[in-house]
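Inside the fold
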Amino acid sequence: MSGLPGLRIAVVSHIRHPIAAPFMGGMEAHSWHLVRGLMARGHDVTLFASADSDPAFRLHPVIGEHYDRTYPWHRFHGTETLNAVLDDAFGAGVDALRSGGFDVVHNNSLHRYPPRMARRDGVPMVTSLHVPPFEALSRAVLGAAAPWARFTVCSDRQRQVWWPGRAPDEAHVVANGIDPADWSYAAQGDGSAVWAGRITPTKGTHLAAQAARIAGVPLTIFGTIEHRDYFEDSVRPLLGGGIRYGGHLAGADLAAAFGRASAMLFTPLWDEPFGLAAIEAMACGLPVAATDMGAVREVLGSCGRYAPPGDAPALARALRAALDIPRHAPRARVEARYTAARMIDSYERLYATAIAARTTPAEPVSFPAWELPAAPDPQPRMVAAQ
């Protein structure tokens, strides 16, 4: 642990979904557990999120209701309509961050405004990048690094993706973590497999169903149906004959379901940054059969068996091979590498670094209004470059 005294910390989440259980995906789970873990260490934490997030936290509403309800991602992503909603929300949000008297900000928003505000106004910030680069955020990241404005990715693979050459000193790898107590270890499974996550094309749910059927292994699919057309066209026709949809479960129920199974299928069809659902299952004792995408092999190591993306027969062979991995090995890997305590230790060290560097000399910067609106009461960084 860092031994930091209690800090006033703002945690800024994205606002597509509420930060509340049952979690829609890994990003929601990460923000929720981060807030819980920081509070447990005596920090005074405010969560900047949609107003329908967990009321157990001190909330600063960035938006009245998570946007996916009104502007579903698969219909509005990249549109001027949704971009305007996000810019309005985070434009007001950065004003509150600047004036809120926080010692440090932990930014999980994936929006371009917060890192630029930190760079311009000398606000200590750690920005966690949970996805591969996309144009608007990539520009902000490349233009906002400073000794007091730090960035984290959750795997070495993602550091290479974000910074193909040499990463700057302000870039750090901090693996995601969970509380193993929330994911009880079970010494034996029933011979079945599970799949868990957001049901959407990039998560490859259909591939898991195809592989399980080829392998002759019963499969239960858990998760929110994010992309209804994909579910109806590509997943539902594969149900039956040992393949079923088990709904979207809260943490304790999902942990119990994991513990009853014998393996997990993890099937990303994108450049997977980490794989939080996989380590949750591993904590319960499940080996993993996975598509070899992004950071998957880095995270799972010898507790996984791998197949090329899109190759259902190869994934079926990986599933049968994974069933031979001793269950204690996945649990041990999580306990050694992927605990929330370990993750928060790393974040606390970065908070201390950012806070200590807030008066480091640096060239003043300004950004066009579309990159970052001017502060209502401008407070430009007044440190001359040396």
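Below or above, wherever it landed, is the structure these notes cover. Because the structure is predicted, anything quoted here is derived from the model rather than measured.

Here's the deal with the overall build of the chain
The number of helices and strands found in the chain is 14 helices and 13 strands. At 21 Å, the chain has a C-alpha radius of gyration in line with the 21 Å of a compact globule built from 386 residues. The principal-axis extents of the C-alpha atoms in the chain amount to approximately 65 × 45 × 40 Å. In the chain, which comprises 386 residues, the proportion classed as buried is 57%. Of the contacts formed within the chain by residues at least 6 apart in sequence, a portion of 68% connects residues at least 24 apart.

What to know about the packing of aromatic side chains
Each aromatic ring pair is summarised here by two numbers: the centre-to-centre distance and the angle between the ring planes. Under the defined criterion, the tally for this structure stands at 8 aromatic pairs. Plain terms: the ring middles of Phe48 and Phe102 are 5.9 Å apart, the flat faces sit at 75 degrees to each other, and that makes the pair edge-to-face. Highlighted residues: Phe48 in strand S2 (residues 44-50) and Phe102 in the loop between helix H3 (80-99) and strand S4 (104-107), separated in sequence by 54 residues. Accessibility expressed as a relative area gives 2% for Phe48, which makes it buried. Here the aromatic rings of Phe274 and Tyr338 are separated by 5.5 Å at their centres, their planes lie at 85 degrees, and the arrangement is edge-to-face.

Details of the sheet that holds strand S13 (residues 304-307)
Adjacent strands of a sheet pair through backbone hydrogen bonds, lying either parallel or antiparallel. Spatial strand order, S10-S9-S8-S11-S12-S13: 6 strands in an open sheet with parallel pairing. Looking at strand neighbours, the two that pair on one side only are strand S10 (243-245) and S13, the edges of this open sheet. Averaged over all adjacent pairs, the angle separating strand axes in this sheet is 25 degrees, with direction ignored. Bridge count for strand S8 (residues 193-196) against strand S11 (residues 263-266) is 2 bridges, and the pairing is parallel. Paired with Val194 across the bridge in S11 is Met264. Strand contacts of helix H9 (residues 251-260): S8, strand S9 (219-222) and S11, with the helix running at about 150 degrees to S8, the strand carrying the most contacts. Taken strand by strand, helix H12 (residues 312-322) contacts S8, S11, strand S12 (288-291) and S13, and its axis lies near 155 degrees from that of S12.

Looking at the sheet that holds strand S3 (residues 59-63)
The parallel open sheet is built from 7 strands, whose spatial order is S3-S2-S1-S4-S5-S6-S7. Edge positions in the open sheet fall to S3 and strand S7 (171-173), since each of these has one partner strand only. Averaged over all neighbouring strand pairs, the angle between strand axes comes to 20 degrees, with direction disregarded. Relative to the sheet, H3 contacts strand S1 (8-12), S2, S3 and S4, its axis offset from that of S3 by approximately 150 degrees.

Focus: the pairing of S4
Across the two faces of S4 the burial is the same, with Val104 and His106 and Val105 and Asn107 all buried. Sheet topology places S1 next to S4; 4 bridges connect them, and they run parallel. Bridging across to S4, Ala10 finds its partner in Val105. In this structure, S4 lies alongside strand S5 (residues 125-129), joined through 3 bridges in parallel fashion. Paired with His106 across the two strands is Val126, which belongs to S5. Chirality of the crossover, the property in question, places the unit of S4, helix H4 (residues 113-121) and S5 among those that are right-handed.

Brief notes about helix H8 (residues 228-235)
Among the residues of H8, those classed as buried are Tyr230, Phe231 and Val235. Summarising the axial view, the buried residues of H8 lie within an arc of 100 degrees, below the 170-degree limit, and thus occupy one face.

Describing the packing of helix H7 (residues 205-215) against H12
Between H7 and H12, whose axes approach to 8 Å, the crossing angle comes to 65 degrees. Here H7 runs over H12; the crossing is right-handed. Between H7 and H12, the residues in contact are Leu207, Ala208, Gln210, Ala211, Ala212, Ile214 and Ala215 and Ala312, Pro313, Leu315, Ala316, Leu319 and Arg320, respectively. Each residue belonging to the contact of H7 with H12 can be placed in one class, and the counts come to 11 nonpolar, 1 polar and 1 charged.

Things to note about the packing of helix H10 (residues 276-283) against helix H13 (residues 328-337)
The axes of two packed helices give the description: the angle between them and the distance between them. In contact at an axis separation of 7 Å, H10 and H13 are set at 120 degrees when each is read in the N-to-C sense. When the axes of H10 and H13 are compared, the pair comes out oblique. The interaxial crossing formed by H10 with H13 has left-handed handedness. Residues Ile279, Met282 and Ala283 of H10 form the contact with H13, whose own contacting residues are Pro330, Arg331, Arg333 and Val334. Along the lines of polarity and charge, the residues of the contact of H10 with H13 split into 5 nonpolar, no polar and 2 charged.

Criteria and cut-off values
Throughout, a residue's number is its position along its own chain's written sequence, starting from 1. Totals for whole chains, interfaces and linings use all residues, but because this is a predicted model, local features are given only for residues with pLDDT of at least 70 and pairs of side-chain atoms are given and counted only at 80 or more. The basis for every side-chain value is the complete set of heavy atoms in the structure, and neither hydrogens nor water enter the calculation. Put simply, DSSP H or I for four residues or longer makes a helix, DSSP E for two residues or longer makes a strand, and each gets a number counted from the N terminus. Both definitions apply: the radius of gyration is a C-alpha atom measure, and the globule rule equals 2.2 Å times residues to the power 0.38. A simple rule labels every residue: compare its accessible area, found with a 1.4 Å probe on the protein chains alone, to the largest value its type can have, and call it buried under 20%, exposed over 50%, or partly exposed in between. Should any heavy atoms of two residues lie within 4.5 Å, those residues are considered in contact. Ring geometry is summarised as follows: Phe, Tyr and Trp rings, the Trp one being its six-membered ring, pair when their centres sit within 6.5 Å, and such pairs are stacked at plane angles under 30 degrees, edge-to-face over 60 and tilted between the two. Any two strands with at least two DSSP-identified bridges between them are counted as paired. Between N-to-C directions, angles cover 0 to 180 degrees, with each direction set by a line fitted to C-alpha atoms, over the stretch in contact for helices. Convention used here: a crossover is right-handed provided that the path from the first strand, over the helix, to the second strand proceeds clockwise when the strands point away from the viewer. Here, the arc refers to the directions that run from the helix axis to the C-beta atoms. Handedness of a crossing follows from how the near helix is turned relative to the far one, being left-handed for an anticlockwise turn of less than a right angle and right-handed for a clockwise one. Residue type decides the class: Asp, Glu, Lys and Arg count as charged, Ala, Val, Leu, Ile, Met, Phe, Trp, Tyr, Cys and Pro as nonpolar, and the leftover types, Gly among them, as polar. Any angle between 65 and 115 degrees counts as roughly perpendicular, while under 35 counts as roughly parallel, over 145 as roughly antiparallel, and the rest as oblique.

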